Amino acid sequence: MKAALLPLAIALTLAGCADPEPAQKRAPGGVQAGERLDAAEPSPTARAVNIGEGGTRFAACQGRGRVGNLRGGKLAVRDAPFDDAKQIGEMTEDAHVFICTRSLDQQWLGVVVASEDGMKPVAATPAPSEGSEPNDAPATPAPGVDCGVTAPVRGKRPYAGPCQSGWVESTFVAVVAR
């Protein structure tokens, strides 16, 4: 009797381990291919950039940096401090950032992208299209929006201001003085 129950027990155990869906239909990480996250939604591994880590007597982001050594490329801004995180933006050579935090391994910097005075960068005005007359008056930039990183904050918290924030590789950001 025991000999007859043993094959039945093995068959039931293996039946419970069967994969109901072939591996070819699933995306990496066990997510089904049709259930990918929308590009506008943050990834499940997203990690906010924290400000105020220096305390109430210091600026929300204590360091400033300038992007460099890209060799003609662009620096990806990611939503978490690792290579496989979703890219949420990119920066060019000489872009200015405020350094707010670092990853534990010091390989990634949590930054807020802003101009040197702490304001949201003003987008470049588009070139006039063919057939239109160029405007002789100099273009005056709209008043900037304060990113909120140069003044102290009450405590450590995730950045929720108007400027882009994210994680960049520390290799491409040189710390600069004001």
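Residues numbered from 1 in each chain as written. Predicted model: local features only at pLDDT ≥ 70, side-chain atom pairs only at ≥ 80, totals over all residues. Heavy atoms only, no water.

**A short note on the overall build of the protein chain**
- Each helix and strand in the protein chain was counted, giving one helix and nine strands.
- Each helix (α) and strand (β) of the protein chain, taken in turn from the N terminus, gives the series α-β-β-β-β-β-β-β-β-β.
- A buried classification covers 29% of the 178 residues belonging to the protein chain.
- Expressed as a percentage of contacts within the protein chain between residues at least 6 apart in sequence, the contacts between residues at least 24 apart total 69%.
- A total of about 12,200 Å² of accessible surface is found on the protein chain, and carbon and sulfur atoms cover 55% of it. (Helix = DSSP H or I, 4+ residues; strand = E, 2+ residues; numbered from the N terminus. Buried < 20%, exposed > 50% of the residue type's maximum accessible area, 1.4 Å probe, protein only. Contact = heavy atoms within 4.5 Å. Areas by Shrake-Rupley, 256 points an atom, 1.4 Å probe, with all protein chains shown as cover.)

**Points about the state of the cysteines**
- Counted according to the given criterion, the structure contains two disulfides.
- In this model, C61 is linked to C100 through a disulfide, with the two sulfur atoms separated by 1.8 Å. Taking the sign of the torsion about the S-S bond as the criterion, the disulfide between C61 and C100, at about 80 degrees, is right-handed. Of this pair, C61 sits in the loop between β1 (50-51) and β2 (63-67) while C100 sits in strand β5 (residues 96-102), and the two are 39 residues apart along the sequence. With respect to class, C61 is no different from C100; both count as buried.
- There is a disulfide in this structure between C147 and C163, and the S-S distance comes to 1.7 Å. Disulfide C147 to C163: torsion about the S-S bond roughly -70 degrees, handedness left-handed. (Disulfide = S-S within 2.5 Å.)

**A closer look at the nonpolar core**
- By size, the foremost hydrophobic cluster in this structure holds 15 residues, and its most contacted members are I51, C61, V112, C147, V149 and Y159.
- Going through the elements one at a time, β5 and β6 (108-113) are the ones with two or more residues in this core.
- Apart from the residues lying within four places of it in its own chain, the contact partners of Y159 are V49, I51, V112, C147, V149 and S165.
- Residues L70, V77, A95 and V173 belong to the second largest nonpolar core, which totals 13 residues. (Core = buried A, V, L, I, M, F, W, Y, C linked by side-chain atoms within 4.5 Å.)

**Some thoughts on the environment of T171**
- Relative to the elements of secondary structure, T171 occurs in the loop between β8 (165-169) and β9 (173-176).
- Sequence separation between T171 and G68 is 103 residues; the distance between their C-alpha atoms is 8.8 Å.

**Section: the side chain of H96**
- By secondary structure assignment, the location of H96 is in strand β5.
- At 3.3 Å, the side chain of H96 forms a polar contact with the backbone oxygen of A114.
- Beyond its immediate sequence surroundings of up to four residues, H96 is in contact with R64, G65, R66, V113, A114, S115 and E116. (Polar contact = N/O pair within 3.5 Å; in protein donor to acceptor, adjacent residues only side chain to side chain.)

**Notes on the pattern of salt bridges**
- Counting across every chain of the model gives two salt bridges.
- Among the salt bridges present, the one from K74 reaches E90, with a minimum N-O distance of 3.8 Å. Of the two residues, K74 is situated in the loop between β2 and β3 (75-78) and E90 in strand β4 (residues 87-91); the sequence distance between them amounts to 16 residues.
- When its relative accessible area of 53% is taken as the criterion, K74 is described as exposed. (Salt bridge = Lys/Arg side-chain N within 4 Å of Asp/Glu carboxyl O.)

**Regarding the environment of S103**
- Take S103: it is sitting in the loop between β5 and β6.
- In sequence terms S103 and V49 are 54 residues apart; their C-alpha atoms lie 10.0 Å from each other.
- Reaching out from S103, the side chain makes a polar contact with the side chain of D105 at a distance of 2.6 Å.

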